[in-house]
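Secondary and tertiary structure notes
One-letter residues, chain by chain:
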2 protein chains.
Amino acid sequence: MRNLLVTMRYDGTAYHGWQVQENAVTVQQTFQDALETIFGARLPVTGCSRTDAGVHAEMYCCNFRTESSISCDKLPLALNANLPDDIGVYACREVPPDFHARYSCASKRYRYLLHNSPYRNPFAVGRATVYRAPLDEAFLHAQAQSFLGTHDFASFAAAGGSVEDTVRTVQDARVHRDGDTVIFEVQADGFLYNMVRIMVGTLLGISEGKIEAGSIPQILRACDRGRAGITVPPQGLYLQKVFYTLDVE
Amino acid sequence: MRNLLVTMRYDGTAYHGWQVQENAVTVQQTFQDALETIFGARLPVTGCSRTDAGVHAEMYCCNFRTESSISCDKLPLALNANLPDDIGVYACREVPPDFHARYSCASKRYRYLLHNSPYRNPFAVGRATVYRAPLDEAFLHAQAQSFLGTHDFASFAAAGGSVEDTVRTVQDARVHRDGDTVIFEVQADGFLYNMVRIMVGTLLGISEGKIEAGSIPQILRACDRGRAGITVPPQGLYLQKVFYTLDVE
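Worth saying up front: this structure is predicted, and the values here are computed from it rather than measured.

Cut-offs and rules
Residues numbered from 1 in each chain as written. Chains lettered and ligands numbered in written order. Predicted model: local features only at pLDDT ≥ 70, side-chain atom pairs only at ≥ 80, totals over all residues. Heavy atoms only, no water. Helix = DSSP H or I, 4+ residues; strand = E, 2+ residues; numbered from the N terminus. Buried < 20%, exposed > 50% of the residue type's maximum accessible area, 1.4 Å probe, protein only. Contact = heavy atoms within 4.5 Å. Areas by Shrake-Rupley, 256 points an atom, 1.4 Å probe, with all protein chains shown as cover. Lys, Arg positive; Asp, Glu negative; His and termini not counted. Charge placed at Lys NZ, Arg CZ, Asp CG, Glu CD. Buried area = accessible area lost by both parts, 1.4 Å probe. Salt bridge = Lys/Arg side-chain N within 4 Å of Asp/Glu carboxyl O. Polar contact = N/O pair within 3.5 Å; in protein donor to acceptor, adjacent residues only side chain to side chain. Nonpolar A, V, L, I, M, F, W, Y, C, P; charged D, E, K, R; others polar. Pairing = 2+ DSSP bridges. Arc of directions from axis to C-beta. pLDDT = per-residue confidence, 0-100.

On to the overall build of chain A, then. In terms of regular secondary structure, chain A is built from five helices and 10 strands. Along the longest, intermediate and shortest principal axes, the C-alpha atoms of chain A span 60 × 40 × 35 Å. Counting over 249 residues, chain A shows a buried share of 53%. Expressed as a percentage of contacts within chain A between residues at least 6 apart in sequence, the contacts between residues at least 24 apart total 71%. Accessible area for chain A stands at about 11,000 Å²; split by element, carbon and sulfur atoms hold 48% of it. One finds the centroid of the 23 positive side-chain charges in chain A at a distance of 2 Å from the centroid of its 27 negative side-chain charges.

In structure tokens form, the structure reads like this:
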């Protein structure tokens, strides 16, 4: 039995996230449909994370087991021929038998795009969240440094998450600007449900004066979802990179 | 009578270009519909250029005359409220009575995006042309330098253009790479019908060995459309910037 790791991008606009659900189209189901066309069987597929409806991925990893001898060079093109335009596979490699796309993951990096302008950009529709009031990216970057390190992130987790342990280690957090786009990037060993979107909502709350500047350490210590900011919409969120101890393309 | 210059971006995927046509949805018609909602009258609008079906604009200028006293600060937001998501107005200014979006234009800059990878990128679908074989951007950049200067571009004009004078001056031409995207940029005092798309087709023909390297000067001198390369598809083409002698945002 070979264990294959497949890497893809997707525009999540049309999907109810990664994970198979009843009565909703998901990326996992669409991917399994394409695999079934190629392999003639419904193969179980393990994804690197759940993503919410409307969230995008610049790099999403999943693995599945097969006895097929199809070459790793050919599988991405075969999959793309059977996938819709909003999902694109770009790599495949054989991994050790115990590799698990989710549990073997060492860290993940997300980014959140804010289209920071009073005016609509048609190229950003569905791919960034519109925020009209001017943002000071240097100020927000300084605020975001309080996320760094190992903390209990319970204040930054939506109700409905199933995780008991809410301690995570944030390895990098930064805010920068590219023209009209303000970008929040965060890397951690793991993320709680809606964690990135609440982090961004908290930074926007600080920008608006609704949350005190410099108070992220207190919000973390409070372990109280009510102290953090709103959950910003999904369309600005991208799973940017998934890190494994093995070197994955 | 005020003469107002409006600047917008649009994703051209859903449109049969700028100019009003029978039995086809165009950007001009959609824009005039929005103006009519605001001003209560069908106003004639002059665009800075025709663009073909599926071509995009990062900056498109048009002007129209009105007796309304609406402020230039408010008009973009009022227009956006009445335009679909794929058109976004971002500036308005009052210009002299004789300003004409097309005839007052000093030069235009286009760019053409090639998604240069064997693998689909869902974020580039409809916004770049897929070109799977590897491209050498430095080699293509060197080839493209032959476009610079004043030439008769008849070899680079589609049949069906109505222009008699096919001499144009190219002020800048360059090819560079950003990750998987190879970008051709060209600026000129004017462009013939399909000129940018035939320039790119010719560069790709050279890359493929179908057209001799270094032969662009001869193709120009031949004034023969048959000597140049194919017309590449519209979805990679963007009107990038429009230059007037007055300073337009």
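For interface size, the figure often reported is the accessible area lost on association. Counting from both sides, the interface comprises 29 residues of chain B and, opposite them, 29 residues of chain A. Between chain B and chain A, roughly 2,300 Å² of surface is buried when both sides are summed, and carbon and sulfur atoms account for 55% of that area. On the chain B side of the contact with chain A, Tyr119(B), Arg120(B) and Phe123(B) bury the most area, a combined 36% of that side's loss. Applying the counting criterion to the chain B and chain A interface returns two salt bridges. Counting across the interface, chain B meets chain A through 10 residue pairs in polar contact (both at pLDDT 80 or more). Counting residues per element, the ones that place at least two in the side of chain B that touches chain A are β1 (2–10), β3 (56–66), α2 (75–82) and β4 (87–95) of chain B. Here the side of chain B that touches chain A takes four residues from β4(B), the largest share from any one element. Of the residues in the side of chain B that touches chain A, the class split is 15 nonpolar, four polar and 10 charged.

To continue, consider the pairing of β1(B). Along any regular strand the residues' side chains alternate between the sheet's two faces. All names here are of chain B. The buried fraction of β1 amounts to nine of the nine residues, a majority that puts the element mostly inside the structure. By the alternation rule, side chains of β1 split into Arg2, Leu4, Val6, Met8 and Tyr10 and Asn3, Leu5, Thr7 and Arg9, which are all buried. Sheet topology places β1 next to β3; eight bridges connect them, and they run antiparallel. Counted as the bridge partner of Asn3 is Arg65 from β3. Strand direction decides the pairing type here: β1 and β4, joined by eight bridges, are antiparallel. By the bridge assignment, Met8 is partnered in β4 with Val89.

As a further point, take helix α3 (residues 137–144) of chain B. Since one α-helical turn is 3.6 residues long, residues separated by three or four positions face the same way. All names here are of chain B. Taken together, the buried positions of α3 are Leu140, Gln143 and Ala144. The buried side chains of α3 occupy one side of the element, clustering within an arc of 95° when seen end-on. Check the buried side of α3 and you find it contacts β8 (167–178), β9 (181–188), α4 (195–207) and α5 (216–222). Its side-chain oxygen at 3.1 Å from the backbone nitrogen of Ala138, Asp136 defines the N-terminal cap of α3.

For chain A, the mean per-residue pLDDT works out to 95, and 98% of the residues sit at or above 70. Across the interfaces of the predicted complex, the ipTM metric reaches 0.90, alongside a pTM of 0.91.

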